[in-house]
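# Descriptive analysis of the structure
So you can see what is in the structure, the chains are spelled out below.
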Number of protein chains: 2
Amino acid sequence: MKISVVGMGPGSEKKMTLEAMDALEECDAIAGYSVYVNLIKDRFPGKEIITTPMRREEERCRLAVEAALSGKHVVMVSSGDAGVYGMAALIYEVAQDYDPIEIQVVPGVTAACSGAALLGAPLTQDFAVISLSDLLTPWEKIEKRLSFAAQADFVLCLYNPASHLRPDYLQRACDILLRYQKPETVCGLVQNIGRPGERAQILTLEQLRNAEADMFTTVFVGSSTTRVVEGRMVTPRGYLQREGKEG
Amino acid sequence: MKISVVGMGPGSEKKMTLEAMDALEECDAIAGYSVYVNLIKDRFPGKEIITTPMRREEERCRLAVEAALSGKHVVMVSSGDAGVYGMAALIYEVAQDYDPIEIQVVPGVTAACSGAALLGAPLTQDFAVISLSDLLTPWEKIEKRLSFAAQADFVLCLYNPASHLRPDYLQRACDILLRYQKPETVCGLVQNIGRPGERAQILTLEQLRNAEADMFTTVFVGSSTTRVVEGRMVTPRGYLQREGKEG
């Protein structure tokens, strides 16, 4: 019948939208990465469950499309927003091989926004979102993006900053940024947003270079105007500065 | 008592998070830009209303902080996410002039995510968010960011692409991007997300240069890998391409 690609937000149910909740309640089947689906399946009993492990994304999307073609309303869940490094694009790509089917993307709160909220207000100016995972993007392209983003003076939000297979990627990224940005640039690191073990830390770019990060970490690197205000990471929008007042 | 800076999402109540809804139901006072507060105040009756018009943002934040210091739970609303060009940073800045107060940011669905969902899946690769408003950022800095972002091959999401005071800013931005990107680059334009008059349109960068945009428009410019899939704007994450299949 149709596929709803649903962003579940950062973890806790309270950060889901009403529309995402409705889709999960109304659907016939819930599809997704097994770890995420297991977190929510008891909350929505009586649904068919379609899961595959990590690295089996194409198969997962094919199973979801085939279930929808058989007449079911399938919700494909992604953590955060379904369109930011989520399954939305792959669902459209895979759907090309089948009869036409209705696809709807239900947006959610991505980690850039939920992480920023924990740190203060780092994204109140122009920003860039970069994944440090080189599973699907060549590392040279990631390096190039880091370098241009630093020169553009964007606030940066880094997804997938490290994993056990690439423990030094955050360090390598910081080394590139340090060519253009001051070592004392205000940075932030959040872990397990909306989940047990939630933690937010403010540190300098130099300290970030040696910080511990994992798959559940999101990293923020300030621009030249980001600073610590009331103990939080804040990039002023410019309202007070416009009036000549010190913000 | 405290201030919750709440992102209301793109317009319709269904795109609000449960946490945002709870904050609006529980609070004593709702503060915000008069146009947005008027849209929701009947839905949450019995609340004190604190509004100021556009360009009176500092005053609005001071009134909210003062109400919170008098013992109230104040919700300061922003459309989209409160941290993305929203009021969160200014609340922290203004709070420095007063006794300590609890500030909480409740994240929401920003227009980059809700607009992307309407267009398809343009943000499944690294992206940058740039506001074309030069009220608070010099135009030269905006131009520089556009130029570096295009060289970085980011997908771009442009907020505030035009207003009646600056009808040609989107055209000027496209002219900068066209130095680095092909005229046939896949672009998208969304208007009135989650509101009456909602509209999504896919067009080329060359067509975007001459498109009509207003304050309620969000613009997306694809990267070198963005294309039209199933009639939607899609930036493949790279799953199918990794396996040597044509996505």
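Okay, so let's go over this structure. Computed from a predicted structure; not experimentally measured.

A few words on the sheet that holds strand β6 (residues 120-121) of chain B. Residue and element names in this part refer to chain B. Reading across the sheet, the three strands line up as β6-β13-β12 and stay open at both edges, with mixed pairing between neighbours. Pairing within the sheet leaves two strands with one partner each, and these edge strands are β6 and β12 (227-229). Across three bridges, the pairing between β12 and strand β13 (residues 232-234) is antiparallel. Bridging across to β13, Arg227 finds its partner in Val234.

Time to look at the relation of the copies chain A and chain B. Mapping chain A onto chain B leaves a residual RMSD of 0.0 Å; the transformation is a rotation of 180° accompanied by 0.0 Å of translation along its axis. The relationship between the two copies is best expressed as a two-fold rotation axis. In this assembly, 100% of the residues forming the interface of chain A have copies in chain B that are likewise at the interface, indicating an isologous arrangement.

All right, on to the packing of aromatic side chains then. We describe a pair of aromatic rings using the distance from one ring centre to the other and the angle between the two ring planes. Residues and elements named next belong to chain A. Applying the stated criterion across every chain, the model contains eight aromatic pairs over all chains. Ring plane angle 55° and centroid distance 5.3 Å describe the contact between Tyr85 and Tyr159, whose orientation is recorded as tilted. Highlighted residues: Tyr85 in the loop between β4 (73-78) and α4 (88-95) and Tyr159 in strand β8 (residues 155-159), separated in sequence by 74 residues. Of the two residues examined, Tyr85 and Tyr159, each falls in the buried class. A cation over an aromatic ring shows up here: Arg43 above the ring of Phe44, its NZ or CZ 4.9 Å from the ring centre. Over the face of the ring belonging to Tyr169 we find Arg172, whose NZ or CZ atom lies 4.8 Å from the ring centre.

All right, on to a nonpolar patch on the surface then. Residue and element names in this part refer to chain A. On the surface, a nonpolar cluster with roughly 290 Å² of combined accessible area is contributed by Met54, Met215 and Phe216. Mapped onto the elements, Phe216 comes out in the loop between α8 (205-208) and β11 (217-221). A relative accessible area of 43% places Phe216 in the partly exposed class.

Turning our eyes to something else, we now look at unusual backbone geometry. Even without a glycine there, the phi angle at A:Tyr85 is positive, about 55°. Unlike most non-glycine residues, B:Asp153 shows phi in positive territory, near 60°. Relative to the elements of secondary structure, B:Asp153 occurs in the loop between α6 (139-151) and β8 (155-159). We classify B:Asp153 as buried; its relative accessible area is 11%.

If you walk across this open sheet you meet the three strands as β6-β13-β12 (chain A), and the pairing is mixed. Edge positions in the sheet fall to β6 (120-121) and β12 (227-229) of chain A, since each of these pairs with one other strand and no more.

On to the environment of B:Ala67. Assignment of secondary structure puts B:Ala67 in helix α3 (residues 57-69). As a C-alpha pair, B:Ala67 and B:Ala29 span 38 residues in sequence and 8.1 Å in three-dimensional space.

With that settled, the discussion passes to the interface of chain A and chain B. Counting residues at the interface gives 74 residues for chain A, matched by 74 residues for chain B. Between chain A and chain B, a total of about 7,000 Å² is buried, with carbon and sulfur atoms accounting for 58% of that surface. Counting every contact that joins chain A to chain B gives ten salt bridges. A salt bridge links A:Asp153 to B:Arg145; the shortest N-O distance between them is 3.9 Å. Our count for the chain A to chain B interface comes out at 32 residue pairs in polar contact (both at pLDDT 80 or more). Residues that form the side of chain A that touches chain B fall into these classes: 34 nonpolar, 18 polar and 22 charged.

How each quantity is defined
Residues numbered from 1 in each chain as written. Chains lettered and ligands numbered in written order. Predicted model: local features only at pLDDT ≥ 70, side-chain atom pairs only at ≥ 80, totals over all residues. Heavy atoms only, no water. Pairing = 2+ DSSP bridges. Helix = DSSP H or I, 4+ residues; strand = E, 2+ residues; numbered from the N terminus. Least-squares fit on C-alpha atoms with pLDDT ≥ 70 in both. Contact = heavy atoms within 4.5 Å. Phe/Tyr/Trp six-rings, centres within 6.5 Å; stacked < 30°, edge-to-face > 60°. Buried < 20%, exposed > 50% of the residue type's maximum accessible area, 1.4 Å probe, protein only. Lys NZ or Arg CZ within 6 Å of the ring centre and 35° of its normal. Patch = residues over 30% accessible without salt bridge, like charges linked within 9 Å, V, L, I, M, F, W, Y side chains within 5 Å. Areas by Shrake-Rupley, 256 points an atom, 1.4 Å probe, with all protein chains shown as cover. Salt bridge = Lys/Arg side-chain N within 4 Å of Asp/Glu carboxyl O. Buried area = accessible area lost by both parts, 1.4 Å probe. Polar contact = N/O pair within 3.5 Å; in protein donor to acceptor, adjacent residues only side chain to side chain. Nonpolar A, V, L, I, M, F, W, Y, C, P; charged D, E, K, R; others polar.

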